[in-house]
Every structure is written in structure tokens, then in C-alpha cells.
Amino acid sequence: MQYSTAAFEKEYTYEGNDLGATWSPEETVFKVWAPTAEWMQILLYPTGDPKNREVLQTLPMEKGEQGVWTARASGDLNGIYYTCHARVERETVEVCDPYAKAVGINGHRAMVIDLASTNPVGWEQDRDPNGGKSITQAVICELHLRDLSMDPQSGMEHKGKYLALTEKGTHTPGGKSTGLDYFCDLGITHLQLLPVYDYGSVDEATPDREQYNWGYDPVNYNVPEGSYATDPYRGEVRIREFKEMIKAIHDRGISVVMDVVYNHVYHRDSFCFNRLVPGYFSRINERDEYSNGSGCGNDTASERSMVRKYIVDSVKYWADEYHIDGFRFDLAGLLDVQTIRQTMDAVHKNHPNVLFYGEGWHMGTTLTRQNVPLCNQGNAQLVPGFAFFNDTLRDGLRGSVFAADAPGYVSGNGEQTGAVADCFRGGAFWCPHPTQTINYVSCHDNLTLFDKLTASSPGAYREQLIARNKLAAAVVMLSQGVPFFQAGEEFLRTKRDARGMVDNSYASPDSVNRIQWGLLDQPEHAQVRDYYRGLIALRKSSPDWQMNEASQVERSIFPIEGLGDRVLGFWIRGREEWCVVLNPTNRAVMLELPRGNWEVVVDERAAGTAPLGVFTQTAQAAPISAMVLRKQ
Ligand code: CA
């Protein structure tokens, strides 16, 4: 294929930073990369709704260097919608601008925008509230925007909207905080939002019909999703409300991570980039077959220069324009190492503390070139500073995601003891440093933690399941690395419909997915939440839980031998001295302590920084529990 030749790359790699529509009060300049087009025009429209066919003006485009077409229009075009109209490979196409910064309903037409006019008051002063910290100081909670507010007991007004995350003082019928107040109180540092760029699986024009999707189906990469805005027709509204959301979260001390899905697009054939430069964005072989490592029908050809540039530009744009503090790359293992490194470099130039992490699974994909290393766990050494979701710890603690009934370490699976011990010290076999592991036992995928524990422990009492849940949480929160959890895990979230537990709720109704805030009014759920809150506070209280280098771990964390089958213990000698015992068994575990008084800060009932009691000489860890002692 011609795109893959060195000659094509050389002739048609454009390095300018002005693709898309660049607005000023005097004129707007349109630039579109389409090297194989015969002719191109910009069509200007009064509305973003394709049902309205009235064209205001047709602007012919001129072809320049590196395959970039340019058109200019004088006057103030802020709020004018437009499309790219082109003749490509004997076909006439009309599509949205791949570099669109604003769009109308359902993302069919782009809009010219004066971005400064969308800034909320105080936006110029808005900063990452956790800037300057290391990734190991982060505590990340993953949230779907709609799950946040759809529960009738959420107490929120802007149900399913960006603005729900700007509401203050929201609470359950029993008076327990919900929403942003709740996350603040919980102590997290980062909120990771499931896709909030413009995706395709929800019809923005029918907001009154219940629709739900996680949003892993990108349409316009550089524009917020419209269904979360109060008015998806007017291109500026979603942008303004998105920024208001970011500012409200930042104002409460929490940073924002965005889930980005560059590895595939919603529809490979109708994706605007692939229409303008047919097939360029996707991995397609000589027989015209699309590579499908993503399982979504196409894989992005990130190794091509103008796709790589597109990804770098897009991520940088979200960091610059929307003040995004971290990026979670969906199926990063399909993207090439060079693209990830260039993206990190471009963003870190102006925002040195932005977090980068993602799913580094090893996946089959058909590259358009040979010898292109991919951003997977096995190549962690090639992407320093990029962290990977730790499935070794996840499956070790809770059991395999591929068999609902497979138990993990906390449910009695002794084979996982070694893996859990390695991960506690921040070093799964593929992970060179604690800064490169995202430690977790639940995310949007698969069964929730509590459902998984239930499914893998037939006959267990509810009290046992809760104890296992708390033990798993203690391991995640106190392991070296970066703790991560799905919102609601901390109060026993389940996802169930009439048939039972749902392990893939990407398009399930709100009744399955919503966070059931009312549960917090029940002591059993509130107590588990308190336990998580205490673990988070403990983690944040000392650098001993936040080591960055493997060598530091080697010097500071030592296993305690002889505690018995499946029981793990560690001495931590850092800024303070700690003793940690992880006991998944049904019997109490005794151990001898070095001289001195040892304060209990975590036991089977509670967790935090304040002493719950003191041990000298010997200590006892209760059945199915984590115990943490701090030397006085
Ligand atoms: Ca959309």
C-alpha cells in the first residue's frame, strides 16, 4: 500500500500545528491534510444539524505542501458550522473535519469556535491541584459520568450531565454525601472518567429515551461528547460545561484523568479521517482486510506519521485546552511505543506531572510496517513513566477474569500467594518500577469486586465476603505502585439484572450501572466505605507506601517468614517502621514483634492513621483480614 512507503511518508508528513479551523475575529483559516484528494472545499452551514441542508457559502481549498489543503474566510465565523467536501478515489465525500474542535448534534458537522469564549470564570488560574507529585502519590477512582447521578437517591439535579460533577452539598435521603462532595471526603486524588470525547453509540438527538453506553466508540477525538451536555445542538455548550466540570473538580483538590481510545474508531469506513484519506488511519493488509486486535473491527495505524501526529496533537490539546491531568490509554498494547513516547514528551513539555497509563495487554495486530515495538507490559522498559494496569495483582487477588467461579488469593487460592507478594512490593514479573504498575481489583470491565467474590465463593457467608473484599482493598491500597478502583467498589457495588450478575455492562440500563447511593444509608455499606477511606488516609500519610524505585523497595521491604500457609507478612523499614500481615485464612495468625510498642492502624474492623490499639512482643491478625502495625 502506497501509504506505507518511505517515499509517501517523506513527501506527505506535515508538521505544522494549525490543522483544523483556526479562528480569529478577522478571519478563519481552514487546513485539512488529504494528500490523495483531487479537489476540496469547505462548506459553511448555519446549523450543525445535517437535516438542514442550507449552505451559507462554499470555500474552495488550495492544495499546498505535504498534502495540506487551505481555505480562508474573512470576518468573524465563531459559531458557524462546516464540513469538508472532497473528491477522493473517484468518490465525492462530505465529512466532519478530523481536527474539529467543536461539533453540532451527533458530531456530523464541525463548528468554528472562539475557544476563549467558552472559558468559565477563573479558568486562567485553574491548575492541576496535585501537580508536582509523583504518580505513586495518586489514588485513582474510575467513574462513568452517567453512573454518578442517575440514581434517584443521588440527590443530584443534572442527571447524566457534566454539570452533575459541579453540584455541591448533594446527599442521600439519609444525609450521606454523594457526588463530588463524596469523592472529596473519600480522599482520592484523581477521578478517571470513562470516555467523555464525542462517541457514536448514543443518539444525542433523543435525550428523553434512556440510552446507555460506556463510550468506547470514538467519532470526534477532540470534542466532548454531546449527550452529557444540556444542549448537544449548540457546539459551544458541551465545551463550556465540560470546562466547568473540570474546574469544579480541580477546585475541590481532585485531578482529572481522561480515558482515551485511540486504538480503534467507531466505524472504520465512515470515520472522517478514513473517508478523506481512504484507509490511512487503520491497519489494513494487502488483501484489504482490516486488522482487528481491538475486537472492534479495526486497529489504528499509529505507526504512520500523520496518525501518530494526530494522536500526539489530540492528547496535547486535551491537556492544554481542557486542563486534563492524566490519560488512561484504552488498549495501549495496540499502539506503538514511539507514539506513546512522543505523546508523553509533547504533553510533559508544558505539564510535567500529567499521568500516563493504560492497558498493556499483548494483542495480535497486523502492523503496516515491520519491527514496530508496541506499548505492552513486556515493553515497559521502553516507556518509562507510562504505567500499566496490573492484571497479575487483579487476577491474583480476586481470581481470573475469564472464569467467574475462579477464586483468588483472598478467597483461598494458595497458588496466587507468590504473585500477590511480588505485587505488594511493586514488582510484577513484567514491571520494572512501582511507578509503572496500576494496582487494582475492579474497573468497569468484568464483574464488580463484590460480585466476583460472590461468584467465586459458593456457600460463603456475607460477612466472609465483606472480609475478603476488605482484605483485597488493603492489598491494593498498601501495595507499592498506584492504587485504582471502580467507583462504588468501596461500598460493595454490584451490577445485576433479572438474570443475575452482569460482567459486561457496556450497554446495560441505568438500573444495572448507576451508583446506588442509597446504600450508604445502610451501616454495612457505610462501614466498608469508612474502611476504604481509612486505607486511603493511611497510604497518603507516609512516603513508605509511595516508593518510586525498585531499589528503594529492595532496601526497605522484607518478607516475614513462617507465618503459615498462604499468609503473607512484611516488615517495612522506611521513614517509619511498619508490620503488615495479610491473612486470607480462617484462623488467627500470631507473630513475634521486635522490641517496642506497635500501634495497630489497620485490623479486621477498621483502617486509618489513628491507633486502634497497641501490641508489644506479639501480635495477632484476625481470620480473613489485613493487619498493619506502626512502631511508636
Ligand atoms: Ca456523540
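Residues numbered from 1 in each chain as written. Predicted model: local features only at pLDDT ≥ 70, side-chain atom pairs only at ≥ 80, totals over all residues. Heavy atoms only, no water.

Colleague: Whenever I open this one, the packing of aromatic side chains confuses me. Can you help?
Modeller: The relation between two aromatic rings is expressed through the spacing of the ring centres and the mutual angle of the planes. As enumerated under the stated definition, the model contains 47 aromatic pairs in all. Plain terms: the ring middles of Phe273 and Phe281 are 5.2 Å apart, the flat faces sit at 45 degrees to each other, and that makes the pair tilted. The residues Phe273 and Phe281 share a single accessibility class, namely buried. With a centroid separation of 6.0 Å and an interplanar angle of 35 degrees, the aromatic rings of Phe491 and Trp517 are classed as tilted. With Phe491 in the loop between β19 (482-486) and β20 (496-497) and Trp517 in the loop between α12 (510-513) and α13 (523-541), this residue pair connects regions lying 26 residues apart in the sequence. Pair check on accessibility: Phe491 and Trp517 agree, each one buried. In this structure, Arg109 is placed above the aromatic ring of Tyr45, and the distance from its NZ or CZ to the ring centre is 3.4 Å. (Phe/Tyr/Trp six-rings, centres within 6.5 Å; stacked < 30°, edge-to-face > 60°. Buried < 20%, exposed > 50% of the residue type's maximum accessible area, 1.4 Å probe, protein only. Helix = DSSP H or I, 4+ residues; strand = E, 2+ residues; numbered from the N terminus. Lys NZ or Arg CZ within 6 Å of the ring centre and 35° of its normal.)

Colleague: Got a minute to help me understand the pattern of salt bridges in this structure?
Modeller: Any two side chains of opposite charge can pair, so long as their charged atoms come close to each other. Within the structure shown, the criterion is met by 34 salt bridges. Across the salt bridge formed by Glu236 and Arg234, the nearest N and O atoms sit 3.3 Å from each other. A relative accessible area of 41% places Arg234 in the partly exposed class. One connected set of salt bridges, linked through shared partners, spans Asp185, Arg529, Asp530 and Arg533. (Salt bridge = Lys/Arg side-chain N within 4 Å of Asp/Glu carboxyl O.)

Colleague: Quick question: what am I supposed to make of the coordination of the calcium ion here?
Modeller: Under perfect tetrahedral coordination by four donors, a metal shows angles of 109.5 degrees; under perfect octahedral coordination by six donors, it shows angles of 90 or 180 degrees. All of the protein donors around the calcium ion are Asp198 (OD), Tyr199 (O), Glu204 (OE) and Glu225 (OE); their distances to the metal are 2.2 to 2.4 Å. Counting the intervening residues between successive donors of the calcium ion yields the motif D-Y-x4-E-x20-E. (Donors = N, O, S within 2.8 Å, 3.2 Å for Na, K, Ca; no water.)

Colleague: What's the story with unusual backbone geometry in this structure? I'm lost.
Modeller: Glycine aside, negative phi is the norm for most residues, and most peptide bonds take the trans geometry. The phi dihedral of Asp288 falls on the positive side, at around 65 degrees, and the residue is not glycine. For Asp288, the location among the structural elements is in the loop between α5 (272-276) and α6 (305-322). Positive phi values are uncommon outside glycine, yet Leu331 reaches one of about 40 degrees. The residue Leu331 is located in the loop between β15 (326-329) and α7 (337-350) in this model.

Colleague: Looking at this structure, I do not really get the sheet that holds strand β26 (residues 613-621). What am I missing?
Modeller: Through backbone hydrogen bonds, the strands of a sheet pair up, either in parallel or in antiparallel fashion. The strand order across the open sheet formed by six strands is β22-β23-β24-β27-β25-β26, and the pairing between neighbours is antiparallel. Two strands in the sheet have a free side with no partner beyond their single neighbour: β22 (557-559) and β26. Direction aside, the axes of adjacent strands within the sheet are offset by 40 degrees on average. Relative to β26, strand β25 (residues 589-602) is paired through eight bridges, and the arrangement is antiparallel. From the neighbouring strand, Asn597 faces β26, where its bridge partner is Thr616. Set on the sheet, helix α9 (residues 417-424) makes contact with β23 (568-573) and β24 (577-583); between it and β23 the angle comes to about 15 degrees. Lying on the sheet, α13 is in contact with β24, β25 and β27 (625-631); it crosses β25 at an angle near 100 degrees. (Pairing = 2+ DSSP bridges. Axes fitted to C-alpha atoms, helices over the stretch in contact; angles between N-to-C directions. Contact = heavy atoms within 4.5 Å.)

These results come straight from atomic positions and should not be treated as a statement about function.
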